[in-house]
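Chain by chain, the residues:
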Amino acid sequence: MTSTTTLERTAADRVRKSQALRERAMKVLARGHQGHRNPHDTLALGGPGYASRSLGSRIWDVDGNEYIDYVMSFGPIVLGHADPEFNEAITRRIARGTVTSIQEADEVELAEALVERVPSAEMASLFIGGSSACLAALRYARASTGKTMALKCGYHGWLDWSGAGGEGIPSRVSDLTIEVKYNDIEAIEAAFEAHPSDIAAVFIESVQDDGPREGYFDAVRDIAHRHGAVLVVDEVKTGFRYAIGGAQEYYGIEPDLSVFAKAMSNGYPGSAVVGRREIFESADARMGATFHGDGLSIAAALETIRRLERDDGIAHLWRVGKRLKEGLSDVFAASGGWMTVQGDPPMLRVQPADFEDPRGAAFFAGMHLRGVYMIRGVCFASLAHTDSDVDQTIEAAGGAVANADA
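None of these values were measured; they are calculated from a predicted model. (Residues numbered from 1 in each chain as written. Predicted model: local features only at pLDDT ≥ 70, side-chain atom pairs only at ≥ 80, totals over all residues. Heavy atoms only, no water.)

Visitor: Can you tell me about the layout of surface pockets, naming the residues and giving the values?
Guide: Estimates place the volume of the second largest pocket at around 290 Å³. Along the wall of the second largest pocket there are 17 residues; nearest its centre are Gln103, Glu107, Ala289, His292 and Gly293. In terms of residues, the lining of the second largest pocket owes the most to one element, strand S4 (residues 123-128), which gives 3 residues. Here the lining of the second largest pocket is composed, by residue class, of 7 nonpolar, 7 polar and 3 charged. (1 Å grid on protein atoms, 1.4 Å probe; cavity = no way out; pocket = protein on both sides within 12 Å on 5 of 7 lines; lining within 4 Å. Points joined across faces, edges and corners; volume = space filled by probe spheres on them. Helix = DSSP H or I, 4+ residues; strand = E, 2+ residues; numbered from the N terminus. Nonpolar A, V, L, I, M, F, W, Y, C, P; charged D, E, K, R; others polar.)

Right, dumping it as structure tokens:
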């Protein structure tokens, strides 16, 4: 195995400017970084800590290192970084202004587009960021049911209701949220048995691990409806990737409400809650904010839809992801399977079979040194990723596995 000392020395040579920025950040930024974008661990593996620019499938760090990017901002970038045609559409919108004190005409167009394309959507409401939209969906569910509690399965943002038990979150807030595991019908039944009249909504990420077991979402919906609760499917990561209509379109899921964000606006912060008309019309829940339905996010979402449909983008994501999964699977199998690639092609997970296996860190360090930015558990492609990118990535994986295994 490549020694930690060797990896750290190589990393230090590659990321001197990034390390200097890290030292400055620790003095002025809370915790030294923004949320999950913690450069410390990535820099230790010789990966990019601070970006200088991005284009297509590539990013460059401040040290001048170039990488094929498979993190893609943790999912939002679906057309590619700084896509010229996309940027032109945004520039045209900027020339008309970005946010006004009256309703944006384009908001109606985007709502119509979502209702037309998302199978469960009869109405839509626009927000900023996936966390905001998830909270909005809970507000709609509470207002329409008159109940207060939430049952959650997965990550639904950083706001208090979803971060139950976290530091800085009052226990009286945490007590209103119950968390269960994915594909576990019995746990959902048990939660409703314990709180038969209190749960307003069941929140579930549409896809975790290798996806829903057959009949899972039908069973969850039946349980929720039997107890007068709303089924909310979180499509923040899967929307505009599995299909424009999300994983619900691919898997045939029938939620009451759905949340879309990330790839919906190709790097802009737009998000949406869509779903059944009766919930929106029965819930007089005012959620006004200055930037809900801002012009740039709307323009970004409309252009993303146009490009995905014109360029058969969803099929491209499935094809590129499939080639990448098959190629990595072959490399990993040949080395004994201590590294794995799982999930559906539009949203792969690359990680060691044993999370404690130190070869995992060595593998990702090897990928960074070979010009591929990939981190554990996250792997997204875009329309900008090419067959050549995939070939280069598979070749890099071969070298990274061999070095880590030495």
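Visitor: If you had to explain empty space enclosed by the protein to someone new, which residues and values would you point to?
Guide: Summed over all chains, the structure comprises 1 cavity of 30 Å³ or more. Of the volumes computed, that of the largest cavity is approximately 40 Å³. Around the largest cavity sit Leu110, Leu126, Phe127, Met264, Gly270, Ser271, Gly293, Asp294, Ser297 and Ile298, which together line it. When contributions to the lining of the largest cavity are tallied by element, the ones reaching two or more residues are S4, strand S10 (270-275) and helix H12 (295-310). Residue composition of the lining of the largest cavity, grouped by class: 5 nonpolar, 4 polar and 1 charged.

Visitor: Any details on the pattern of salt bridges? Residues and values, ideally.
Guide: Inspection of every chain in the model, using the stated rule, returns 26 salt bridges. Of the charged contacts, one joins arginine 221 and aspartate 218 as a salt bridge, the two residues approaching to 3.3 Å between their closest N and O atoms. With arginine 221 and aspartate 218 both in helix H9 (residues 216-226) and 3 residues apart, this pair spans about one turn of that helix. A salt bridge links glutamate 303 to arginine 306; its shortest N-O distance comes to 2.7 Å. With glutamate 303 and arginine 306 both in helix H12 and 3 residues apart, this pair spans about one turn of that helix. Judged by relative accessible area, which is 36%, arginine 306 ranks as partly exposed. What emerges from the salt-bridge pattern is a single network uniting Asp83, Glu85, Glu303, Arg306, Arg307, Arg310 and Asp311. (Salt bridge = Lys/Arg side-chain N within 4 Å of Asp/Glu carboxyl O. Buried < 20%, exposed > 50% of the residue type's maximum accessible area, 1.4 Å probe, protein only.)

Visitor: With reference to specific residues and values, describe the packing of helix H13 (residues 313-334) against helix H15 (residues 387-405).
Guide: Here H13 crosses H15 at 20°, and the two axes come no closer than 10 Å. The orientation of H13 with respect to H15, classified from their angle, is roughly parallel. In this structure, H13 meets H15 at a crossing whose hand is right-handed. Across from Arg319, Val320, Arg323, Leu324, Gly327, Leu328, Val331 and Phe332 in H13, the residues of H15 making contact are Asp387, Val390, Asp391, Thr393, Ile394, Ala397, Gly398 and Val401. (Axes fitted to C-alpha atoms, helices over the stretch in contact; angles between N-to-C directions. Parallel < 35°, antiparallel > 145°, perpendicular 65-115°, else oblique. Left-handed = near helix turned anticlockwise from the far one by under 90°. Contact = heavy atoms within 4.5 Å.)

Visitor: Tell me about the sheet that holds strand S2 (residues 58-61), and please be specific about residues and values.
Guide: In a beta sheet, neighbouring strands pair by backbone hydrogen bonds and run either parallel or antiparallel. Taken in spatial order, the 4 strands make up an open sheet running S1-S2-S3-S13, and their pairing is mixed. Two strands close off the open sheet at either side, each with one partner strand: strand S1 (51-55) and strand S13 (372-373). Bridge count between strand S3 (residues 66-69) and S13: 2 bridges; the pairing is parallel. When the bridges of S13 are listed, isoleucine 68 appears paired with valine 372. (Pairing = 2+ DSSP bridges.)

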